[in-house]
There are 2 protein chains.
Amino acid sequence: MGNELKVKEPPEELVEFLKNSKSLILVTHINPEGDALGSTLAFGMALERLGKSVALFDRDPVPEFYRFLPGWQRFTNSDFSLLLKNFRAHKCGIDGLILLDCNSPERADIKVPSDIPLIIIDHHETEKSFEVAVPVIKWIVPAAPATGMLVYNLIKNLGVKIDYDMAVSLYTAIAIDTGTFRYSNTTPEVLQIAAELLSLGVRPEMVSEALYDSWTTGRFRLLVECLNTLEIDGSIAITHVTEEDFKKTGTSSEDTENFSNFPRMIRDVKVSVFLRQIGPAKWKASLRSKGNINVAKIAEVFGGGGHKNAAGFMVEGRLEDIKRLIVEEVKRSMGEEVKG
Amino acid sequence: MGNELKVKEPPEELVEFLKNSKSLILVTHINPEGDALGSTLAFGMALERLGKSVALFDRDPVPEFYRFLPGWQRFTNSDFSLLLKNFRAHKCGIDGLILLDCNSPERADIKVPSDIPLIIIDHHETEKSFEVAVPVIKWIVPAAPATGMLVYNLIKNLGVKIDYDMAVSLYTAIAIDTGTFRYSNTTPEVLQIAAELLSLGVRPEMVSEALYDSWTTGRFRLLVECLNTLEIDGSIAITHVTEEDFKKTGTSSEDTENFSNFPRMIRDVKVSVFLRQIGPAKWKASLRSKGNINVAKIAEVFGGGGHKNAAGFMVEGRLEDIKRLIVEEVKRSMGEEVKG
């Protein structure tokens, strides 16, 4: 079956199961981003349109800049077992637990009850296998640009008409995972679906502003501090922020999301290393690369991991020593690539 | 006639004229960007496909990061009258002069010969009227997100099959003028056309990298210098770069393109003012705004102009005085808006 078909055609087993269900709990991963939140919200609404009872769960609060997503308040963040208990009490049972945008209960930080079937809808590579006593239906398509694409096709398949609220969530899900249509996973189908969602009233500038232009002043000042530390060694860029910088700007670690991408704007930079201090002599390293350079391999040397173009690890020591070690490792890795 | 129709349907007069022409010179505006270059290149190729002789002119060299556009070397930059003379000599006459992405000869810095019909294909508001002795055919559609959209529809209308090279140019033209599909002018039709262009082989990540991740190290260091000057007054952000900064980073004024947009990332910033020094006590101001704030009106107070969300002007004086004056004017303008 071609990749495109896999994205377009949910397994019959999944569609049948959903049609026969009455009450469902939708769960997404910890630290949820746009694809996690948008897919879950849109799918929850579609299931409700079909008359199902639905609850939404993710462990962490919805980040502020995603609070334009219609219905974001529907997410329960506190106690998963309490949610199960209440839902069971009011709905006379739970027909299924649907994991979205992740493919293990661990990634969602939940324990799967021993009596509820598990459904997984995701586009990530399966990282960990897990054992549960319940039946599992999986629709995992790593070739899908976003879980939102799978959910879009599933909603269509279930015969639900997409309304404005669902469209905003699906558009956001697909936009965030394709860099708003800038990454290589932006297929013609991505843009066709996005076009349809716009025709349902989604305003692209509203979503972009929420996603990209909603920084706090403190976060922006932290970025400037970070960029002031820029060192360039060959095609490697290195930046860092210290605990002192966080204090000075009134920010915290989550504010550094995406910082490692800025030096990638420089044509000659192939690898960007960003270090943030998490203790007196402890640092979290984020690596980003362009093209064929595999930073996951470099991260593994330091006991971390990730994907080809985005990886990370923890490291202890003096900042200058750490920088030197990482640069050496990156150079070694690039040299091997040249040879290989 | 609805806006969408205007974008889709070139005037019959224009189509007829093109069909009956044999040799044409295509001209775009000074300091050309992606829409100017992409529209002109794609249209030139399409006309050649129809057997026409074509020459391309713009006054300034093609910026380095646009040199991925197939055929960019075709642009002549030097002497327009010499180009006319040579073209006439070899092609036994010139049937028409086509201005793209601008609507006055002045904007392209050319003199229109007294014996050549002028065709204008553009999506900018007509800023200046001009008198020429020759017949003029105009297709100006301010509602079009990009001149590339008009050219796409015109190429289709002329019955030319779009190939990969044309697709890259058209995609770039449309991408740059819609902020790669982030601005409010991103219509469903924009994404449908972009989807078709991707299906012809355009790689979105290749275009994005060329457009957004091809900065020189000097330009990036200049940006950091600029961001270090950030001052925030209410919802107004002000930054500047000095002649000294240019010297220190080995950069020039064109490297500041887009600098004024960075402080717009901050949620509470509604207007971003960027000043670059162009003489001992002379500055060029660029204003960018979010939403309904009309910076063109503010620029007019200082003798400049522009569009609602992007405008500019020249100003002389001491930096601190200039900043104070501009901030006062922006506040006045925002106050009026609140009242209005």
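Since this is a predicted model, take the numbers as computed values, not measurements.

Rules used in this analysis
Residues numbered from 1 in each chain as written. Chains lettered and ligands numbered in written order. Predicted model: local features only at pLDDT ≥ 70, side-chain atom pairs only at ≥ 80, totals over all residues. Helix = DSSP H or I, 4+ residues; strand = E, 2+ residues; numbered from the N terminus. Rg over C-alpha atoms; globule rule 2.2 N^0.38 Å. Buried ≥ 20, exposed ≤ 12 C-beta atoms within 10 Å, placed from the backbone. Contact = placed C-beta atoms within 7 Å. Pairing = 2+ DSSP bridges. Least-squares fit on C-alpha atoms with pLDDT ≥ 70 in both. Expected span 1.5 Å × (residues − 1). Axes fitted to C-alpha atoms, helices over the stretch in contact; angles between N-to-C directions. Domains from an automatic or database assignment. Core = buried A, V, L, I, M, F, W, Y, C linked by C-beta atoms within 7 Å. Parallel < 35°, antiparallel > 145°, perpendicular 65-115°, else oblique. Left-handed = near helix turned anticlockwise from the far one by under 90°. Nonpolar A, V, L, I, M, F, W, Y, C, P; charged D, E, K, R; others polar.

> Is there a simple way to think about the overall build of chain A in this case?
Within chain A, the regular secondary structure consists of 12 helices and 12 strands. Computed over the C-alpha atoms, the radius of gyration of chain A is 21 Å, within 12% of the 20 Å expected from 2.2 N^0.38 for a compact globule of 340 residues. For chain A, the C-alpha atoms occupy an extent of roughly 60 × 40 × 40 Å along the three principal directions. Within the span of chain A, comprising 340 residues, buried residues form 43% of the whole. Put simply, 61% of the contacts in chain A that link residues at least 6 apart link residues at least 24 apart.

> Can you walk me through the sheet that holds strand 11 (residues 305–306) of chain B in this structure?
Consider a sheet: its strands pair through backbone hydrogen bonds, and that pairing is either parallel or antiparallel. Residues and elements named next belong to chain B. Spatially, six strands are ordered 7-8-9-10-12-11 in an open sheet, and the strand pairing comes out mixed. Looking along the sheet, the strands with just one partner apiece sit at the ends: strand 7 (231–233) and strand 11. Relative to strand 12 (residues 310–316), strand 10 (residues 282–289) runs antiparallel, the two being bridged by seven bridges. In the sheet register, leucine 287 faces strand 12, and the bridge partner there is alanine 311.

> In this structure, what is going on with the interface of chain B and chain A? I would like to understand it.
The accessible area lost on association of the parts is a frequent measure of interface size. In this complex, chain B contributes 35 residues to the contact, which on the side of chain A involves 35 residues. Of all the secondary structure elements, the ones that give two or more residues to the side of chain B that touches chain A are helix 7 (188–199), helix 8 (204–212) and helix 9 (217–228) of chain B. With seven residues, the single largest contributor to the side of chain B that touches chain A is helix 7 of chain B.

> Which parts of the structure should I look at to understand the relation of the copies chain B and chain A?
Copies of the same chain, two in number, are related to each other by a rotation about an axis and a translation along it. Once chain B is rotated about the relating axis by 180° and shifted along it by 0.1 Å, it coincides with chain A to within an RMSD of 0.3 Å. Both copies of the chain, as the preceding transformation shows, are related through a two-fold rotation axis. Interface overlap between copies: 100% of the residues of chain B at the interface are likewise at the interface in chain A, consistent with a symmetric, same-surface contact.

> Explain the pairing of strand 4 (residues 96–100) of chain A to me, please; I cannot follow it from the model alone.
Residues in a regular strand project their side chains so that they alternate between the two faces of the sheet. Residue and element names in this part refer to chain A. For strand 4, the tally of buried residues reaches five of five residues, placing the bulk of the element in the interior. Judged by which residues are buried, strand 4 turns out to be covered on both faces: Gly96, Ile98 and Leu100 on one side and Leu97 and Leu99 on the other are all buried. Bridge analysis of strand 1 (residues 23–28) against strand 4 gives five bridges, and the strand direction is parallel. Among the inter-strand pairings, leucine 24 is bridged to a residue of strand 4, identified as glycine 96. Taken together, the four bridges between strand 4 and strand 5 (residues 118–122) define a ladder with parallel strand orientation. Along strand 5, the bridge assignment pairs leucine 99 with isoleucine 120.

> Help me understand helix 3 (residues 34–49) of chain A in this model?
Since the α-helix turns once every 3.6 residues, residues separated by three or four places project in the same direction. Residues and elements named next belong to chain A. Relative to the 22 Å expected for 16 residues at 1.5 Å per residue, helix 3 spans 22 Å between its end C-alpha atoms, a close match to the ideal helical length. Of all 16 residues in helix 3, 14 are buried; the element is thus mostly enclosed. Phi turns positive, to about 90°, at glycine 51, one or two residues after helix 3.

> I would appreciate a short explanation of the sheet that holds strand 3 (residues 75–76) of chain B in the present structure.
Residue and element names in this part refer to chain B. Ordered in space as 3-2-1-4-5-6, the six strands form an open sheet in which the pairing is parallel. Of all the strands in the sheet, just strand 3 and strand 6 (136–140) have a single pairing partner and so form its edges. Relative to strand 6, helix 2 (residues 12–19) is tilted by about 125°, and along the sheet it contacts strand 4 (96–100), strand 5 (118–122) and strand 6. Strands strand 4, strand 5 and strand 6 of the sheet are contacted by helix 5 (residues 147–157), whose axis makes an angle of about 115° with strand 5.

> I keep staring at the domain arrangement of chain A and nothing clicks. Help me out?
Entries for chain A in the domain assignment read domain 1 (3–212) and domain 2 (218–339). On a C-alpha basis, the centres of domain 1 of chain A and domain 2 of chain A stand 31 Å from each other.

> Just checking my understanding: could you explain helix 9 of chain B for this structure?
Residue and element names in this part refer to chain B. When the terminal C-alpha atoms of helix 9 are compared, their 17 Å separation across 12 residues agrees well with the 16 Å that a helix rising 1.5 Å per residue should span. Every buried residue of helix 9 is listed here: Arg219, Phe220, Arg221, Leu222, Leu223, Glu225 and Cys226. Looking at the buried residues of helix 9, the elements they touch are strand 8 (236–241) and helix 10 (243–249).

> When you look at the environment of lysine 138 of chain A in this model, what are you seeing that I'm missing?
All names here are of chain A. Locating lysine 138 in the fold gives a position in strand 6 (residues 136–140). Its 16 C-beta neighbours within 10 Å are what place lysine 138 among the partly exposed residues. Separated by 16 residues in the primary sequence, lysine 138 and aspartate 122 have C-alpha atoms spaced 8.3 Å apart.

> I would appreciate a short explanation of the nonpolar core in the present structure.
When a protein is soluble and globular, its nonpolar side chains tend to lie buried together. Formed by 129 residues in total, the largest nonpolar core has its most connected members in Ala194 of chain A together with Ala194 of chain B. Ranked by size, the runner-up nonpolar core spans 56 residues in total, among them Cys226, Ile236, Phe262 and Val330 of chain B.

> I keep staring at the packing of helix 9 (residues 217–228) of chain A against helix 9 of chain B and nothing clicks. Help me out?
Helix packing for two helices is described by the angle between their axes and how far apart those axes are. Orientation of helix 9 of chain A relative to helix 9 of chain B, taken along the N-to-C sense of each, is 135°, at an axis distance of 10 Å. As far as their axial angle goes, helix 9 of chain B and helix 9 of chain A are oblique. The handedness of the crossing between helix 9 of chain A and helix 9 of chain B is left-handed. Judged by residue contacts, Val224, Leu227 and Asn228 of chain A of helix 9 of chain A engage Val224, Leu227 and Asn228 of chain B from helix 9 of chain B. Considered class by class, the residues forming the contact of helix 9 of chain A with helix 9 of chain B number four nonpolar, two polar and no charged.

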